[in-house]
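Residue-level listing of the chains:
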Amino acid sequence: MANFVKGSELNHEIDSLFENAIIQLTIVSPFIKLHSRQKDALRTKLDNPNFNIKLVFGKNESNKSKSLGLDDFDFFKQFANIKIYYEPRLHAKYYANENKGILSSMNLYEYSQNHNIEFGVVTHRESGIEKLKEKVMG
């Protein structure tokens, strides 16, 4: 199932994706400056050795810290299972956990959340049990 979202609803979906991530989080955004809500949600996962983060950022080849600031870089480095990639041509924005994915126009950047007109498509993954239940019960 997919839903089109915009504005504060998009912000809410991204925040809830962070909050509800249990074992994995994927962040693809040229510019990353975490909102305090997102950092707070991630702090609750710091002690989980099974929590994995994949982070891809880009742009600003001459000064990568304009795409991912030192504060956020240091914050992410606290996680035991994190992979950080830099792609200078990155323009895509995608956020996912094990149950939800969001393909969006919005950078993971507080300015974008508060000032730009942004939209996204939210998809939900069904668990294997739900798929089996649907096939068996019709």
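Here, every reference points to the structure presented above.
Residues numbered from 1 in each chain as written. Predicted model: local features only at pLDDT ≥ 70, side-chain atom pairs only at ≥ 80, totals over all residues. Heavy atoms only, no water.

Enquirer: Before we move on, can you summarise the packing of helix 2 (residues 36-43) against helix 3 (residues 70-77) with the specific residues and values?
Expert: Look at helix 2 against helix 3: their axes get within 11 Å of each other, and the N-to-C directions meet at 15°. Relative to helix 3, the element helix 2 lies roughly parallel. Judged by the sense of rotation from one axis to the other, the crossing of helix 2 with helix 3 is left-handed. Two secondary-structure elements touch here, helix 2 through Lys-39, Leu-42 and Arg-43 and helix 3 through Asp-72, Phe-75 and Phe-76. (Axes fitted to C-alpha atoms, helices over the stretch in contact; angles between N-to-C directions. Helix = DSSP H or I, 4+ residues; strand = E, 2+ residues; numbered from the N terminus. Parallel < 35°, antiparallel > 145°, perpendicular 65-115°, else oblique. Left-handed = near helix turned anticlockwise from the far one by under 90°. Contact = heavy atoms within 4.5 Å.)

Enquirer: Describe in detail the pairing of strand 6 (residues 94-97), supporting the description with residues and values.
Expert: Taken together, the four bridges between strand 2 (residues 24-28) and strand 6 define a ladder with antiparallel strand orientation. Note on strand 6: the bridge partner recorded for Leu-25 is Asn-97. Here strand 6 runs beside strand 7 (residues 100-104); their pairing, made up of three bridges, is antiparallel. Its bridge partner lying in strand 7, Ala-96 is registered against Gly-101. Adjacent in sequence and paired antiparallel, strand 6 and strand 7 are bridged by two residues. (Pairing = 2+ DSSP bridges.)

Enquirer: Residues and numbers for the side chain of Lys-100, please.
Expert: Examined against the element boundaries, Lys-100 turns out to sit in strand 7. In terms of polar contacts, Lys-100 uses its side chain to reach the side chain of Ser-16, at 2.6 Å. Those residues in contact with Lys-100, other than ones at most four positions away along the chain, are Glu-13, Ser-16, Leu-17, Tyr-95, Val-122, Thr-123 and His-124. (Polar contact = N/O pair within 3.5 Å; in protein donor to acceptor, adjacent residues only side chain to side chain.)

Enquirer: An account of the environment of Asp-47 is needed here, citing residue identities and associated values.
Expert: Tracing the sequence through the fold places Asp-47 in the loop between helix 2 and strand 4 (52-58). On the basis of relative accessible area, Asp-47 is assigned to the exposed category, the value being 75%. Taking the C-alpha atoms as reference points, Asp-47 and Ala-80, 33 residues apart in sequence, are found 8.7 Å from one another. (Buried < 20%, exposed > 50% of the residue type's maximum accessible area, 1.4 Å probe, protein only.)

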